[in-house]
Protein chains: 2
Amino acid sequence: MDESADLAFQFEPALIAEIEEFGELRSFKDGDIIMDYGKYIRMMPLVVKGTLKVLKKDDNGNEILLYYLSSSESCSMAYSCCLEEKKSEVKAIAEGDLQLIAIPHNKLDEWLCKYPSWKNYIMRSFNERFSEMLKSIESIAFHKLDDRLIAYLKEKKRLSGSSLIKASHYQIADELATSRVVISRLLKILENNGKILLYRNEIKLLKAFDS
Amino acid sequence: MDESADLAFQFEPALIAEIEEFGELRSFKDGDIIMDYGKYIRMMPLVVKGTLKVLKKDDNGNEILLYYLSSSESCSMAYSCCLEEKKSEVKAIAEGDLQLIAIPHNKLDEWLCKYPSWKNYIMRSFNERFSEMLKSIESIAFHKLDDRLIAYLKEKKRLSGSSLIKASHYQIADELATSRVVISRLLKILENNGKILLYRNEIKLLKAFDS
DNA sequence: TTTCGTATGTAACCTTTGTTACCAACCAGG
DNA sequence: CCTGGTTGGTAACAAAGGTTACATACGAAA
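Residues numbered from 1 in each chain as written. Chains lettered and ligands numbered in written order. Predicted model: local features only at pLDDT ≥ 70, side-chain atom pairs only at ≥ 80, totals over all residues.

Asker: I tried to follow the overall build of chain A on my own but got confused; where do I start?
Answerer: Each helix and strand in chain A was counted, giving 7 helices and 8 strands. For 211 residues, the compact-globule formula gives about 17 Å, and the C-alpha radius of gyration of chain A, at 19 Å, lands near that figure. In terms of its C-alpha atoms, chain A occupies a principal-axis envelope of roughly 55 × 35 × 30 Å. Taken across its 211 residues, chain A has 33% of its residues classed as buried. Contacts spanning at least 24 positions in sequence make up 68% of the contacts within chain A whose residues lie at least 6 apart. (Helix = DSSP H or I, 4+ residues; strand = E, 2+ residues; numbered from the N terminus. Rg over C-alpha atoms; globule rule 2.2 N^0.38 Å. Buried ≥ 20, exposed ≤ 12 C-beta atoms within 10 Å, placed from the backbone. Contact = placed C-beta atoms within 7 Å.)

Here it is in structure tokens:
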């Protein structure tokens, strides 16, 4: 399992051996669902390659983006769900090609006391997820949609490493929990201000975008 | 330390003995600040009596209510902060009289492996906090202010056990991250609909309120 | 009782966002 | 090349919420 090489620097050798023994490497394609609302979670995903998108839905079916998980990150919400045998409150979808190691839930608990590096990793993970959630709340509560849209595009750029964002106005509207017309309107303003260029299913971020 | 009696049913005896030995019982009055932005956290609060209010502030000084902690709950954000020696991203304020047990951070870690009941408590705590945050996001992202106001008043009633809410329109506006005028407007509508009665610094929830 | 600070009521207006409707552009499959 | 489904552009309007301004009411302290 060469893919775990990235993790080598933060885990002790014995733990890596256990991860290789008990972890299951799985591959997903764009749009594949890794976790879903109301489903029990029996393993914790540890992202090896690609990006995982975590969403929250309300009673009326509206969905909103919570955060992304990328390489060597993991979903601590899954973790605590596993230990408590609870149903998921969120949905996780592969964004592009994705590889992850699925850690069975009985090992999670065992390793916590056995390997300090695992415990630290889990705690750091909890902390990062709390931070992401707080950022999300801050964004929704205090920032206007145009700012949130810009932040969204920047995040997409960071994750993909490309300033050509592949997404329809529809998808963006969904993830920001608004309507397509509103997103089209705001994008058009950004284009008129020379920050971006609009194509079908693609948005090109120009140099002026970052300022 | 009689106040820890409530905790007896979920912790094993040896752990309770340790909590009594190393935990420090502290009392606070309304408005006292238990955690603050950017401050290091060296102990984890375990609420014994009263209610603790957890807030998040953005760069421009706007604050918004995240959730309340009440009896036998604890702030898992403080927990992971402790272990990682990080600064707080939130503020915690006493709402009315408050008693808590401060657990020193070195014990947190030690007990995690020593006492299964402690580990379970901590994990349950993480889970509950994630749920609260998700509820908060759902509320802000999908619900209009009038619904959020009603939910806010209900929560206040639940926590205080009284249908007479003591708060100024100002405070409510702060916690919902809006302006006083807007809250006054919405409250007046609720009063006109026979759901509540308005007094200075007080709001009486009528029977019709719950429907 | 007077006075002052705080709390509330209300109107008028503005901005942001949501909604509906319709059209045009694009693209894949026949 | 036609055709139907998806995507994006735009206008017109509605609704929610934010802002400003000012009046009034209350209650504690002098």
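Asker: I'm lost on the sheet that holds strand S7 (residues 196-199) of chain A in this one. Help?
Answerer: Adjacent strands of a sheet form backbone hydrogen bonds with each other and so pair up, either parallel or antiparallel. All names here are of chain A. Spatial ordering of the open sheet is given by S6-S8-S7, a layout of 3 strands whose pairing is antiparallel. Every other strand in the sheet has two partners, leaving strand S6 (164-166) and S7 as the edge strands with one partner each. Put simply, the sheet's adjacent strands are angled 20 degrees from each other on average, direction ignored. In terms of strand pairing, S7 meets strand S8 (residues 202-205) through 4 bridges, oriented antiparallel. Bridge pairing links Leu198 to Ile203 in S8. Packed on one face of the sheet, helix H7 (residues 180-192) meets S7 and S8 and runs near 130 degrees to S7. (Pairing = 2+ DSSP bridges. Axes fitted to C-alpha atoms, helices over the stretch in contact; angles between N-to-C directions.)

Asker: In this structure, what is going on with the protein's contact with DNA strand C? I would like to understand it.
Answerer: Surrounding DNA strand C, one finds 20 residues, the nearest of these being Lys144, Leu145 and Thr178 of chain A together with Ser168 and His169 of chain B. The set of elements that each furnish at least two residues to the surface near DNA strand C consists of helix H5 (145-160) and H7 of chain A together with helix H6 (169-175) and helix H7 (180-192) of chain B. For the surface near DNA strand C, the leading source of residues is H7 of chain B, giving 6 residues. Partitioned by chemical class, the residues of the surface near DNA strand C number 7 nonpolar, 6 polar and 7 charged. (Near = placed C-beta within 6 Å. Nonpolar A, V, L, I, M, F, W, Y, C, P; charged D, E, K, R; others polar.)

Asker: Which parts of the structure should I look at to understand the packing of helix H2 (residues 76-84) of chain A against helix H4 (residues 116-142) of chain A?
Answerer: How two helices pack is summed up by the angle between their axes together with the distance between the axes. Residue and element names in this part refer to chain A. In contact at an axis separation of 9 Å, H2 and H4 are set at 120 degrees when each is read in the N-to-C sense. Considering the angle they form, H2 stands oblique to H4. Facing H2, whose interface residues are Ser76, Met77 and Tyr79, H4 presents Ile122, Ser125, Phe126 and Arg129. Of the residues assigned to the contact of H2 with H4, the class counts are 4 nonpolar, 2 polar and 1 charged. (Parallel < 35°, antiparallel > 145°, perpendicular 65-115°, else oblique.)

Asker: When you look at the pairing of strand S3 (residues 43-57) of chain B in this model, what are you seeing that I'm missing?
Answerer: A regular strand carries its side chains on alternate faces of the sheet. All names here are of chain B. In terms of burial, S3 is a largely internal element, 12 of the 15 residues being buried. Note that S3 and strand S5 (residues 91-104) share 11 bridges and pair antiparallel. If you follow Val54 over to S5, its bridge partner there is Ala92. The antiparallel pairing of S3 with strand S4 (residues 63-69) creates a hairpin that spans 5 residues between the two strands, and Gly61 there sits at a positive phi of about 90 degrees.

Asker: Help me understand the interface of chain B and chain A in this model?
Answerer: Listed by partner, the interface residues are 27 residues for chain B and 26 residues for chain A. For the side of chain B that touches chain A, the secondary structure elements donating two or more residues are helix H2 (76-84) and helix H4 (116-142) of chain B. In terms of residues, the side of chain B that touches chain A owes the most to one element, H4 of chain B, which gives 14 residues. Counted by class, the side of chain B that touches chain A contains 15 nonpolar, 5 polar and 7 charged residues.

Asker: What is the right way to read the relation of the copies chain B and chain A from this model?
Answerer: Each of the two chain copies goes to the other by way of a rotation about an axis and a shift along it. Mapping chain B onto chain A calls for a rotation angle of 180 degrees and an axial translation of 0.0 Å; the resulting RMSD is 0.1 Å. Seen this way, the second copy is the image of the first under a two-fold rotation axis. Proximity to the rotation axis, assessed at the C-alpha, singles out Cys113 of chain B in chain B; its C-alpha lies 2.7 Å from the axis. Interface overlap between copies: 96% of the residues of chain B at the interface are likewise at the interface in chain A, consistent with a symmetric, same-surface contact. (Least-squares fit on C-alpha atoms with pLDDT ≥ 70 in both.)

Asker: Sorry if this is basic, but what is going on with the nonpolar core here?
Answerer: The nonpolar side chains of soluble globular proteins are, as a tendency, buried together. Formed by 104 residues in total, the largest nonpolar core has its most connected members in Ala78 of chain A together with Ala78 of chain B. Beyond its immediate chain neighbours, meaning those up to four positions away, Ala78 of chain A contacts Met35, Ile41, Met44 and Pro45 of chain A. (Core = buried A, V, L, I, M, F, W, Y, C linked by C-beta atoms within 7 Å.)

Asker: Even after reading the chapter, I still don't get the confidence of the model for chain A, so can you show me in this structure?
Answerer: Detailed reading of predicted coordinates is not advised where the pLDDT is low. Taken as a whole, chain A shows an average pLDDT of 92; of its residues, 96% reach a score of 70 or greater. Here residues 1-5 of chain A is modelled with pLDDT under 50, and outside its nearest four sequence neighbours on either side it reaches 11 contacts, counting other chains as well. (pLDDT = per-residue confidence, 0-100.)

Asker: Explanation requested: the sheet that holds strand S7 (residues 196-199) of chain B in the structure shown.
Answerer: Residues and elements named next belong to chain B. Taken in spatial order, the 3 strands make up an open sheet running S6-S8-S7, and their pairing is antiparallel. Strands at the two margins of the open sheet, each flanked by one partner only, are strand S6 (164-166) and S7. Across this sheet, the average inter-strand angle for adjacent strands is 20 degrees, counted without regard to direction. Where H7 meets the sheet, it contacts S7 and strand S8 (202-205), and its direction lies at approximately 130 degrees from that of S7.

Asker: I would appreciate a short explanation of the protein's contact with DNA strand D in the present structure.
Answerer: The immediate surroundings of DNA strand D are formed by 19 residues, with Ser168 and His169 of chain A together with Lys144, Leu145 and Thr178 of chain B found nearest. Among the elements that take part in the surface near DNA strand D, H7 of chain A stands out by supplying 5 residues, more than any other.

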